[in-house]
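So the chains spell out like this:
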Amino acid sequence: MKYLLLLITFSLLFSCSSEQEKANQQKLIEYSGKLIANQDRSEFSSIKLLQQYKKKVKDSLSSNPPILLISKETLPDEAYLAQQVAINNPEFTRFTKHPQNNIALRNEIMTSRKLLAADISTNNKGKLKGCKDQCYRVEMYNFFYNMSSVAFVDVKNKQVLAINTYSDAQPDLNNNLKNIAMAIAKNSTIVIKEIGDSQINPTMSQIKTSLKNSRCERSHHLCVAPTFVIGDRALWAIVDLTDGDLVGVRWTELGESGPPIEVTERQLENEFVFSEFCEKTRHFGQGDWQFDYQITPSDGLEITAVRFKNKVVMNSAKLLDWHVSYSTREGFGYSDAIGCPLFSSAVVIAYEGPQIKKIIKNNQELGFAFIQDFRQPPWPTPCNYRYEQRFEFYNDGRFRVAAADYGRGCGTDGTYRPIIRMDIEVDGKSENFAQWDGKTWQKWQKEQWHLQQSDTAYTEQGYLFKISNDNDSGFYIEPNRGQFGDGSKGDFAFSYITVNHANKDEGKNDMVTMGSCCNKNYQQGPEQFLTPAENLAQQNLVLWYVPQIKNNGTPGQEYCWADTRVENGIKNIKVWPCYAGPMFIPTGL
Amino acid sequence: MKKILLIVIVMTLSAMAYFFWQQQNNKIIKTTHLPPKFKIGLVNGCRKIPQFINRLNMRQPAIDSKQQDHNGGLLIRDMSNNSTWQDESWTKSGYLAAFERDSKGNMYVAPLPYVSLTLNPPQKQNQIYKIDTQTAKMDLYLKMPSSEIPNNKNPFGTMGLFYDCDTNSLYVSSVAGSLPKQEKGVIYQIDLNNNKVVSQLKHVDAIGVGVFNTLKGKKLYFGSARKPHIYSVYLDEKGHFVGDKNYELSISEIQGGNTTVAKKFVFSRKNNKFIMTIKETEFGFRLLAENNPNKKKYHFEYSLADDKWVFLAADND
C-alpha cells in the first residue's frame, strides 16, 4: 500500500513538474536586486541594527588589536575572560593586520563558549589533555582572508593552550550577526515580494524560519541563508554579511531524505545567467536604439539586429576570443573564449547579466553603454583573467563596439588581442569599404587586412575607414587612438574585410576557437577567410577588428591590471582596465 | 468506467514497480555474500610503474598530469631536478582529465579540453588512449560506445579513470551529451582482458571515480559532476554494476568543505587505516583552465565499525 501511495504521489508530482518549473523559471528573473544590476545596495541602510553594527566595525578597526568583540553584557564572566585571554595572544591575533602595510583588517569574535567533547580532535588532544571545566573555545572570523581562527583557552590559568586556523572557512555566527542576517532578509523587497509582508511580520508565527549555511564562493564573503519554510517549500535568502546585502533568493522543495539541499552565491549566479541570458535571446530598447542580445557558448555577448530609428545598422557584433601572449616566453599564452557560465566552451565566464550605464559628458547625457562582464572565478589572483564587452550607443546615431581587459594575467609582459567580428549593415546586397590614404578615400577591391600604426593616415576627424552603400551612405570608422576619454592608449589594430557568405559559415555561428594565442602578426584567425582573396564588388561585408593592447603592472602606470587593496578592513579590488574598439559615425543615413 | 480503468492501471504499475524494487534489493543482498577471496580494502595495489619510465634513468620520476605551464598532455617529471620528458605521441590526447595504470604498467589517459578546444576537438573527447608500458607510444584505446558526441555546449567526454586489480577492470566516467536538465553521463566498466565495455551505469554525470572493497562488498564511489555529492554503487564479483546509486556524503557539508565537485579519488593505507582522499574542482560543464590557489583535498578514514567514511581533515591541493 505504501508503494501504491508513493507511486500515485510521484505521478501527480510528475504531472505538475512542468508547471512548477515554469513558475520557478519566472521567479529567476526576479533576482534582479543584485544579480542583474548589482545596484540597489542602499536598500538595507535604514536597518538600525545594521547601522549600529557598521559603526562598531568602524570603531574596531581603530582599536588594538582590531577585533570586534562580543560585549561583556552578553557573555558569562568566564567566557568573556576567555575572549580577553585569546585576543591578548599574539599568535591568535597574527592575521589581524595586513602583513605588508600593517593596515587593520576586519576581525570579529563569533563564539566564546565552554569546550565540548566534539572540539577535541587528533590534532589538539595532546594540548587539551588536562582540560576539564576550565577550558573554552574562542572563534574569530577574519573578513579579509575569509578565515577562521580558533583558540582553546584555559581560563583558570589564563593561558591559550592551542590555536587552529582554517582558511576559506566560516564559523557559526554570533547572535548579533544572526539577528542582522534575519533583519536583512525580512526587509528585502525581493523576499517580501516572494512570501508577502504579512507573513514575515510582525510575529512570523505562520512560517518556520531558520538560519541555514550558505556560501559566497566568488566574493569570499561571510554569507548565510535565512530560510522561510512555507508549506512544502522553502525560500532561501542568501545574505552577505561582509557587505550587509542580499545576494539573491531561491525557492527549493522540501525533501525528507537524500542529499542535502544547499543554495549558494555561485549556484544562484550561474543558474540565473544561464537560464536568463544563455538559453534565451532577449530584446533591449532605449531611445532610438533597439537590439536583441544573448550570451553565447564561446563568442561572448552577441548583439543582433541593431536598429537606430528602426533602421538596421548592424546585423551582429561579438567577440570570439581573447588572445594573450607573453613577450618573454615565446609561444606561451592563451586563447581565452568568453561565454556562458554553464554548458559552454568558455573559459572566462559571464558573472551577471548585462548592465546599462549612462554616457555623460559635460553634464549631458549622450547615450548609454551596454556592458557584459566576464571573469575567471579566482580573478584577480595571478594567471586569471577578467574581460568586458562594451557597446556604446549615442543619441546622434554613433555607436562603438569596444572591449576591455582587467588583468591580471600571468605577468607584466602580456599583450591582449580580442577578436571582434562586426557585420555592419549599410546595404543588404552591395557594400563598399574604403581607406583614407591621407588625401582621398581608396576603395578596397579584394578581401585584405590592414595594421593601424603610428604613421597611419586619418582624416581630420580621425576616420580611417568608411563602409558605405552605392549612394555613399554608411559609416565612417574611427579607430581608438586614446581620444575616447576612457584612459585607453590606442588600438594598434589589425582590421580585416571579408565577404559575408550566406551559404558558408565564416564566423557567423559560435566558433569554438579562432587562431593561435601567440602570433604577433596578422595571423590572428580572421586571415583564414581571406585566402584566396575574393573580390569585394557587389558583396555584403564583414569587418574583423583585432586591437593589440600591451599591459603594464608598474606602480603608477598600471594598464590592463588589477590589484587587491585593503579598504575598511576587507578586500577591495582596484582595477586599471584597458579599453579598445572603434567608433562608427553615420554618414548620409 | 474511466476511474476504474485508471485505478487498474495505477495498481498494475505499482505492482510492477514493487516487483522491480524487490529484484534490485535481491541483487544488493547478493553482494553482501562476499566471494571467497574477497579482501576488504584497496583494489589497485597491483598497479605497476611503466617499463619505459625505468629506462629514462630519472632519479625521482613522477607522472605529472597538472597541465600547468605547457601545451598539455602527460609529462614524466624528474622531481630531483625538475626536468621533464614526454613522448612525441602523447600530444595526441591534447590536455587531459585523468590517467591510470594497470597491473602491467600500461597507462590510460582521458582527454579534457582545458584552455580551448584547439588541441581537444569535441569529436575526440569521448574516448581514451593507452600508453604502452614498453614502447611509451600512445594510441587510441577505445571510443566509448555512445551515440552522444561532445559539442561546443558540452565539450566533455571521458573524465575519470580507476583500475581494479581484482577484476582487471578499468572504470571510465563520461559526461558526453549531457544537457542542462538531462544527465546522460555513463560510467563504463572495461574488461582489460578483452578490451570491451562489459557493464554500464547510465544516467549518471560523474567526474572522479574510485573502487574500494567495503565491509559489505565492492563499491565504486563517484563524484557527481553537478553537485558536491559523493555517491556509490555496488559491484558484483566480476565488477559489474549492481543496483542503483546510493548517496554517501557531500563535500559541502564537511568542515572547510566547498560546493565544488570531486574530480579524483585516491585510496591509501596509513598506519593500518584506510584513507580516502578526494580532490576537488569547480565544474560547470565549461572549460576549467583557471588557476585556483584555494583548491583543496579532503581526507576520510574508513570506519570498519559502521562501514562509513569519517572526515579527518582538509588541506590545500
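Residues numbered from 1 in each chain as written. Chains lettered and ligands numbered in written order. Predicted model: local features only at pLDDT ≥ 70, side-chain atom pairs only at ≥ 80, totals over all residues.

## Digging into the overall build of chain A
Within chain A, the secondary structure is distributed over seven helices and 32 strands. Expressed along its principal axes, the backbone C-alpha trace of chain A runs to roughly 90 × 65 × 45 Å. Counting all 589 residues of chain A, 46% fall into the buried class. Taking contacts inside chain A between residues at least 6 apart in sequence as the whole, the part at least 24 apart equals 62%. (Helix = DSSP H or I, 4+ residues; strand = E, 2+ residues; numbered from the N terminus. Buried ≥ 20, exposed ≤ 12 C-beta atoms within 10 Å, placed from the backbone. Contact = placed C-beta atoms within 7 Å.)

## Thoughts on the overall build of chain B
A tally of regular secondary structure across chain B gives two helices and 19 strands. For chain B, the residues scored as buried account for 42% of the 317 residues in total. A separation of at least 24 residues holds for 50% of the contacts in chain B among residues at least 6 apart in sequence.

## Topic: helix 4 (residues 175-187) of chain A
Given 3.6 residues per helical turn, the α-helix brings residues three or four places apart onto the same face. With 13 residues, helix 4 of chain A extends 18 Å between its outermost C-alpha atoms, agreeing within 8% with the 18 Å of an ideal straight helix rising 1.5 Å per residue. Of the residues making up helix 4 of chain A, those classed as buried are Leu-177, Ile-180, Ala-181, Met-182, Ile-184 and Ala-185 of chain A. (Expected span 1.5 Å × (residues − 1).)

## Here we look at the environment of Ala-350 of chain A
Residues and elements named next belong to chain A. By the element assignment, Ala-350 lies in strand 15 (residues 348-350). Linking Ala-350 and Phe-374, residues 24 residues apart in sequence, is a C-alpha distance of 4.3 Å. Ignoring sequence-local partners within four residues, the contact set of Ala-350 consists of Val-273, Phe-277, Ile-295, Cys-340, Pro-341, Gln-372 and Phe-374.

## Structural notes on helix 7 (residues 265-278) of chain A
Helix length check: helix 7 of chain A (14 residues) gives 18 Å between terminal C-alpha atoms against 20 Å at 1.5 Å per residue, within 8%. For helix 7 of chain A, every residue scored as buried is listed here: Glu-265, Arg-266, Leu-268, Glu-269, Asn-270, Glu-271, Phe-272, Val-273, Phe-274, Phe-277 and Cys-278 of chain A.

## Description of the pairing of strand 18 (residues 385-394) of chain A
All names here are of chain A. Of all the 10 residues making up strand 18, 10 are buried; the element is thus mostly covered by neighbouring parts of the structure. Taking every second residue as pointing to the same face, both faces of strand 18 are buried, with Tyr-385, Tyr-387, Gln-389, Phe-391 and Phe-393 on one and Arg-386, Glu-388, Arg-390, Glu-392 and Tyr-394 on the other. Summarising the sheet, strand 17 (residues 364-375) and strand 18 pair through nine bridges and their orientation is antiparallel. Residue pairing for strand 18: Gln-372 is matched across the bridge by Gln-389. Pairing between strand 18 and strand 19 (residues 399-408): eight bridges, direction antiparallel. (Pairing = 2+ DSSP bridges.)

## Things to note about the confidence of the model for chain B
Counting all residues, the mean pLDDT for chain B is 89, and 89% of those residues have values of 70 or more. The ipTM value of the predicted complex is 0.85, and its pTM value is 0.86. (pLDDT = per-residue confidence, 0-100.)

## Brief notes about the interface of chain A and chain B
Of the residues lining the interface, 41 residues belong to chain A; the matching set on chain B comes to 37 residues. When residues of the side of chain A that touches chain B are traced back to their parent elements, those giving at least two are helix 1 (2-28), helix 7 and strand 13 (333-336) of chain A. Looking at which element gives the most residues to the side of chain A that touches chain B, the answer is helix 1 of chain A, with four residues. Of the residues belonging to the side of chain A that touches chain B, the class tally is 23 nonpolar, 12 polar and six charged. (Nonpolar A, V, L, I, M, F, W, Y, C, P; charged D, E, K, R; others polar.)

## A few points about unusual backbone geometry
Residue and element names in this part refer to chain A. Note the cis peptide between Trp-379 and Pro-380, where omega equals 10°. When you line up the elements, Pro-380 lands in the loop between strand 17 and strand 18. Residue Pro-532 is bonded to the preceding Thr-531 through a cis peptide linkage, with omega at -10°. Phi is positive for Asn-363, which is not a glycine, with a value near 60°. Within the fold, Asn-363 resides in the loop between strand 16 (355-361) and strand 17.

## Examining the sheet that holds strand 2 (residues 75-78) of chain B
All names here are of chain B. Reading across from one edge, 1-2-3 is the order of the three strands in this open sheet, with antiparallel pairing throughout. The sheet is open, and its two borders are formed by strand 1 (61-64) and strand 3 (83-85), each paired with just one other strand. Within the sheet, the average angular offset between the axes of one strand and its neighbour, ignoring direction, is 30°. Sheet topology note: the strand 2/strand 3 ladder contains three bridges and is antiparallel. (Axes fitted to C-alpha atoms, helices over the stretch in contact; angles between N-to-C directions.)

## Looking at the environment of Asn-64 of chain A
Checked against the element boundaries, Asn-64 of chain A lands in the loop between helix 2 (48-61) and helix 3 (77-87). Taking the C-alpha atoms as reference points, Asn-64 of chain A and Thr-96 of chain A, separated by 32 residues in sequence, lie 9.5 Å from one another.

## Observations regarding the sheet that holds strand 8 (residues 158-164) of chain B
Residue and element names in this part refer to chain B. The strand order across the open sheet formed by four strands is 8-9-10-11, and the pairing between neighbours is antiparallel. Edge strands, defined here as strands with exactly one partner in the open sheet, are strand 8 and strand 11 (196-202). Taken pair by pair, the neighbouring strands of this sheet meet at an average axis angle of 20°, ignoring direction. Note: strand 10 (residues 186-191) against strand 11, six bridges, orientation antiparallel. Following the sheet pairing, Val-186 is matched in strand 11 by Lys-202.

## Side note on the packing of helix 2 of chain A against helix 4 of chain A
Residues and elements named next belong to chain A. Here helix 2 crosses helix 4 at 135°, and the two axes come no closer than 9 Å. The pairing of helix 2 with helix 4 is recorded here as oblique in orientation. Our pair here, helix 2 against helix 4, has a crossing hand that is left-handed. Taken together, the residues of helix 4 that come into contact with helix 2 (itself represented by Leu-49, Leu-50 and Tyr-53) are Asn-176, Asn-179, Ile-180 and Ala-183. (Parallel < 35°, antiparallel > 145°, perpendicular 65-115°, else oblique. Left-handed = near helix turned anticlockwise from the far one by under 90°.)

## Details of the nonpolar core
Most often, soluble globular proteins have nonpolar side chains that are buried together. Grouped together as the largest cluster of nonpolar side chains are 219 residues, with contacts concentrated most on Val-153, Ala-237 and Val-239 of chain A together with Val-109 and Ala-110 of chain B. Of all the elements, strand 12 (residues 311-326) of chain A adds the most residues to this core, at seven residues. Those residues within four positions of Val-239 of chain A in sequence are excluded, and the remaining contacts are Ala-181, Ile-184, Ala-185, Cys-223, Val-224, Ala-225, Pro-226 and Leu-246 of chain A. (Core = buried A, V, L, I, M, F, W, Y, C linked by C-beta atoms within 7 Å.)

## Details of the pairing of strand 6 (residues 127-131) of chain B
Residue and element names in this part refer to chain B. With respect to burial, strand 6 is a largely interior element, four of its five residues being buried. Pairing of strand 5 (residues 107-111) with strand 6 involves three bridges; the strand directions are antiparallel. Along strand 6, the bridge assignment pairs Met-107 with Ile-131. In this structure, strand 6 lies alongside strand 7 (residues 138-143), joined through five bridges in antiparallel fashion. Following the sheet pairing, Tyr-129 is matched in strand 7 by Leu-140.

## Here's the deal with the environment of Ser-495 of chain A
All names here are of chain A. Tracing the backbone shows Ser-495 in strand 26 (residues 494-499). With 25 C-beta atoms counted inside 10 Å, the residue Ser-495 sits in the buried group. Between the alpha carbons of Ser-495 and Gln-448 there is a distance of 8.4 Å; along the sequence they are 47 residues apart. Beyond its immediate stretch of four places on either side in the chain, Ser-495 contacts Trp-449, His-450, Phe-465, Leu-543 and Tyr-545.

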